[in-house]
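# Chains, contacts and geometry: an overview
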Amino acid sequence: MKLTCPSCKEKINPKDIKNINKNSIYVEKQCPGCNTWFSLNKRLTIIKTLGISLLLITSLLNIFGIKSEYSVVFSGIGFVGVLVALLITFLGKNEKVDKPSN
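Here's what I pulled together on the structure shown here.

Paired through backbone hydrogen bonds, the strands of a sheet run either parallel or antiparallel to each other. Ordered by their spatial adjacency, 4 strands build an open sheet running β3-β4-β5-β6, and the pairing between neighbours is antiparallel. Either end of the sheet is taken by a strand with one partner, and the two such strands are β3 (20–23) and β6 (94–97). Each strand axis lies, on average, 30° off the axis of its neighbour in the sheet, ignoring direction. In the sheet, strand β5 (residues 37–40) pairs with β6 via 4 bridges, with the strands oriented antiparallel. Within β6, the position partnered with Trp37 by the bridge is Val97.

Here we take up the packing of aromatic side chains. Scanning the model with the defined rule gives 0 aromatic pairs in all. Over the face of the ring belonging to Tyr26 we find Lys42, whose NZ or CZ atom lies 4.2 Å from the ring centre.

The next point concerns the layout of surface pockets. Considering only enclosed or pocket space, the largest pocket measures out at about 600 Å³ in volume. Leu3, Leu40, Thr89, Gly92 and Asn94 are the residues nearest the centre of the largest pocket, which is lined by 24 residues in total. Of all the secondary-structure elements, those providing two or more residues to the lining of the largest pocket are β1 (3–4), β4 (26–30), β5, α1 (42–63) and α2 (71–91). A per-class count over the lining of the largest pocket returns 13 nonpolar, 7 polar and 4 charged.

Glancing now at a positive patch on the surface. A contiguous patch of positive charge, built from Lys2, Lys9, Lys11 and Lys93, is present on the exposed surface. Tracing the sequence through the fold places Lys11 in strand β2 (residues 11–12). With a relative accessible area of 55%, Lys11 lands in the exposed category.

What counts as what
Residues numbered from 1 in each chain as written. Predicted model: local features only at pLDDT ≥ 70, side-chain atom pairs only at ≥ 80, totals over all residues. Heavy atoms only, no water. Pairing = 2+ DSSP bridges. Helix = DSSP H or I, 4+ residues; strand = E, 2+ residues; numbered from the N terminus. Axes fitted to C-alpha atoms, helices over the stretch in contact; angles between N-to-C directions. Phe/Tyr/Trp six-rings, centres within 6.5 Å; stacked < 30°, edge-to-face > 60°. Lys NZ or Arg CZ within 6 Å of the ring centre and 35° of its normal. 1 Å grid on protein atoms, 1.4 Å probe; cavity = no way out; pocket = protein on both sides within 12 Å on 5 of 7 lines; lining within 4 Å. Points joined across faces, edges and corners; volume = space filled by probe spheres on them. Nonpolar A, V, L, I, M, F, W, Y, C, P; charged D, E, K, R; others polar. Patch = residues over 30% accessible without salt bridge, like charges linked within 9 Å, V, L, I, M, F, W, Y side chains within 5 Å. Areas by Shrake-Rupley, 256 points an atom, 1.4 Å probe, with all protein chains shown as cover. Salt bridge = Lys/Arg side-chain N within 4 Å of Asp/Glu carboxyl O. Lys, Arg positive; Asp, Glu negative; His and termini not counted. Charge placed at Lys NZ, Arg CZ, Asp CG, Glu CD. Buried < 20%, exposed > 50% of the residue type's maximum accessible area, 1.4 Å probe, protein only.

Written as structure tokens, this is what we have:
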């Protein structure tokens, strides 16, 4: 999956990105072409994290058999959570970051 720099609109191979700043759940990357820092929209990052958390929680509830009469509901909620996370991962837009947060 290639990323697109929000500044120069160049397609970037993730292996070409050398400078990455991991700040809690937000990951900022530097474009190798124009040296602009960018990251996934903060709201989308939070929604993506919630989707992954939903998958984790509902999977654990199903594995340990807690409220087993609701296992189909838990599976459905987990599926929706992972679907949201995948959609944001592959279709989410990056935005320019003024300078990296430390």
